[in-house]
Every structure is written in structure tokens, then in C-alpha cells.
Amino acid sequence: LTQDLTIDGGGHTLTATGISYDTGSGGGPNLINVEEGARVILRDLTIDGGSQAKNGLNLYGSTAVLENVTVENCRWYAVDNLAGSPSRFAMDAGTIGEEVSVFFQSGNAGVSAPTTGVISGGTYRQVGFLPETTGVELTITGGTFTSNTSAPVLTTMNNSAAQHSGTIKITGGTLNGDIVLTDPKTGGKLEISQDAVINGDIINKKFADVTVTGGTV
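Everything numeric in this text was worked out from a predicted model, so none of it was measured.

Undergrad: Honestly, the overall build of the protein chain in this entry has me stumped. Any pointers?
TA: Looking only at helices and strands, the protein chain features 0 helices and 21 strands. Relative to its 217 residues, the protein chain shows a buried fraction of 50%. Restricting to contacts in the protein chain with at least 6 residues of sequence separation, those with at least 24 account for 59%. Just so you have it, the protein chain exposes about 9100 Å², and 46% of that area is on carbon and sulfur atoms.

If you want it as C-alpha cells, here you go:
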């Protein structure tokens, strides 16, 4: 998708079929790519990777707003915010069925703006971060996050080239599992407040700044 667009699925399902992919590397096409500069609204739609698509939704310096959307049966991630130009992701309801539900990669060198995300509702498993240089700004005001494995529900992944993961603000929602922070440098922040419920441990392995002023931990 290369231009601003609203897709109202009306409860229908978009399914990947006939996709060829490398079983060795795991590479292959994604079901939906949103190209740089485009803003796409997806509403009342199920995105089914058919166990063939690599990712359900890829953002390349673009914006995606998901309203009552389900993403399932992808081989890698449900939503991947790719490094490069900053992307913006928002979701207010629906279900992300992949084990890694939303994966944030931040901008490469020379990109000053962070990738941003706002999650205000819905059901998820894991949220992951692979910071490059500029970090990610994620706000969670609602939703339920439950990992089906021993992996954390929210984790920042150690990347030697990164400065820090960015700023994560959790003011609502329920996270059933651990939060693990592996920021290689100072500057990353995790702020928990208001009505957030964390049913797990906060494990700060390196240099992130963690603040808890409310909620239940």
C-alpha cells in the first residue's frame, strides 16, 4: 500500500494463499506492506497469514491504525515496525494471535524521530523491541497481554549498536508475564502508573530507568 487508504473489512477475512518462501531462512513475502509516507486504517478485518506469509503487516516509515482487527497464522510477527524512517502504529481492539504480536524496530543512523505506538485495547501475546539508534515511544493504555511461552510479555532486545530502547509508558491494561529490559546504554525509560496491572516481574538487566508511581505490580 503506497497511499492513504481506509479498508473496512466488514468482518471479512483476508487470507494468504499460494505464497512461496524459503523454509531454511524463513524469509518470504508479507501479507500487507504499508510503504513510506502512507497512512492506512484497517477496520473490522481478519488478516490471516495462512501459515505462509512471513509477517501480517509491515510498516516502512508509515502509519497504521487498527480498529477491531485480528492478525493470525503468520510465520514470524503479526505487526513489524521496520527500522529506517519512523513508523506509527495504533490499535484499539481486536486480537493479535502471533507469539510475537507487535515488533518495534527504531530508526537507523541519521533518523532523528522515534517509531511510536499506542495500544489502547485488544488481546496480545508478546511485544518486542529491537532498538537501533533512536528508540521507540510506546504508550499502553489498555489491552491484555499474555505470553503462551516462558518468554516475557514485553522485552527490549540487546543490540550493541543501539543507544537505548526509548520510552515505554504503561498507564492501563493487564500484562500477564514479565517485563525484561536489556538496554545497552542509558536513556531508556519504563514508566508504570495509573491503572496498569503487571502480573509478573520487572527485570532490569542493564541501564533502563524504571519508575512505578501507580498501578499494580
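Undergrad: Please explain the side chain of Asn55 as it appears in this structure.
TA: Considering the arrangement of structural elements, one finds Asn55 in the loop between β3 (39-48) and β4 (57-59). One polar contact links the side chain of Asn55 to the main-chain amide nitrogen of Tyr77, over a distance of 2.9 Å. Apart from the residues within four sequence positions on either side, Asn55 is in contact with Asn30, Leu31, Cys74, Trp76, Tyr77, Ala78 and Asp80.

Undergrad: Explanation requested: the nonpolar core in the structure shown.
TA: One recurring pattern in soluble globular proteins: nonpolar side chains tend to sit buried together. Grouped together as the largest cluster of nonpolar side chains are 41 residues, with contacts concentrated most on Leu57, Phe89, Leu138, Leu154 and Ile170. If we skip the residues at most four places from it in the chain, Phe89 touches Leu59, Ala64, Leu66, Val79, Asn81, Val102, Phe104, Thr116, Gly117, Val118 and Ile119.

Undergrad: Would you mind showing me how to read the side chain of Thr171 here?
TA: Note on placement: Thr171 falls in the loop between β15 (166-170) and β16 (174-176). For Thr171, a relative accessible area of 18% corresponds to the buried category. In contact with Thr171, not counting residues within four places along its chain, are Ile140, Thr141, Ser193, Gln194, Asp195 and Ala196.

Undergrad: Please explain the pattern of salt bridges as it appears in this structure.
TA: Any two side chains of opposite charge can pair, so long as their charged atoms come close to each other. Evaluation of the coordinates by the stated rule reveals 2 salt bridges. Arg43 is the salt-bridge partner of Asp8, the closest N and O atoms lying 3.9 Å from each other. With a gap of 35 residues between them, Asp8 in strand β1 (residues 5-15) and Arg43 in strand β3 connect regions that are remote in the sequence. Classification of Asp8 as partly exposed rests on a relative accessible area of 47%. By relative accessible area, which is 26% here, Arg43 ends up partly exposed.

What counts, and at which threshold
- Residues numbered from 1 in each chain as written.
- Predicted model: local features only at pLDDT ≥ 70, side-chain atom pairs only at ≥ 80, totals over all residues.
- Heavy atoms only, no water.
- Helix = DSSP H or I, 4+ residues; strand = E, 2+ residues; numbered from the N terminus.
- Buried < 20%, exposed > 50% of the residue type's maximum accessible area, 1.4 Å probe, protein only.
- Contact = heavy atoms within 4.5 Å.
- Areas by Shrake-Rupley, 256 points an atom, 1.4 Å probe, with all protein chains shown as cover.
- Polar contact = N/O pair within 3.5 Å; in protein donor to acceptor, adjacent residues only side chain to side chain.
- Core = buried A, V, L, I, M, F, W, Y, C linked by side-chain atoms within 4.5 Å.
- Salt bridge = Lys/Arg side-chain N within 4 Å of Asp/Glu carboxyl O.

Such coordinate-based values are descriptive only and should not be taken to indicate function.
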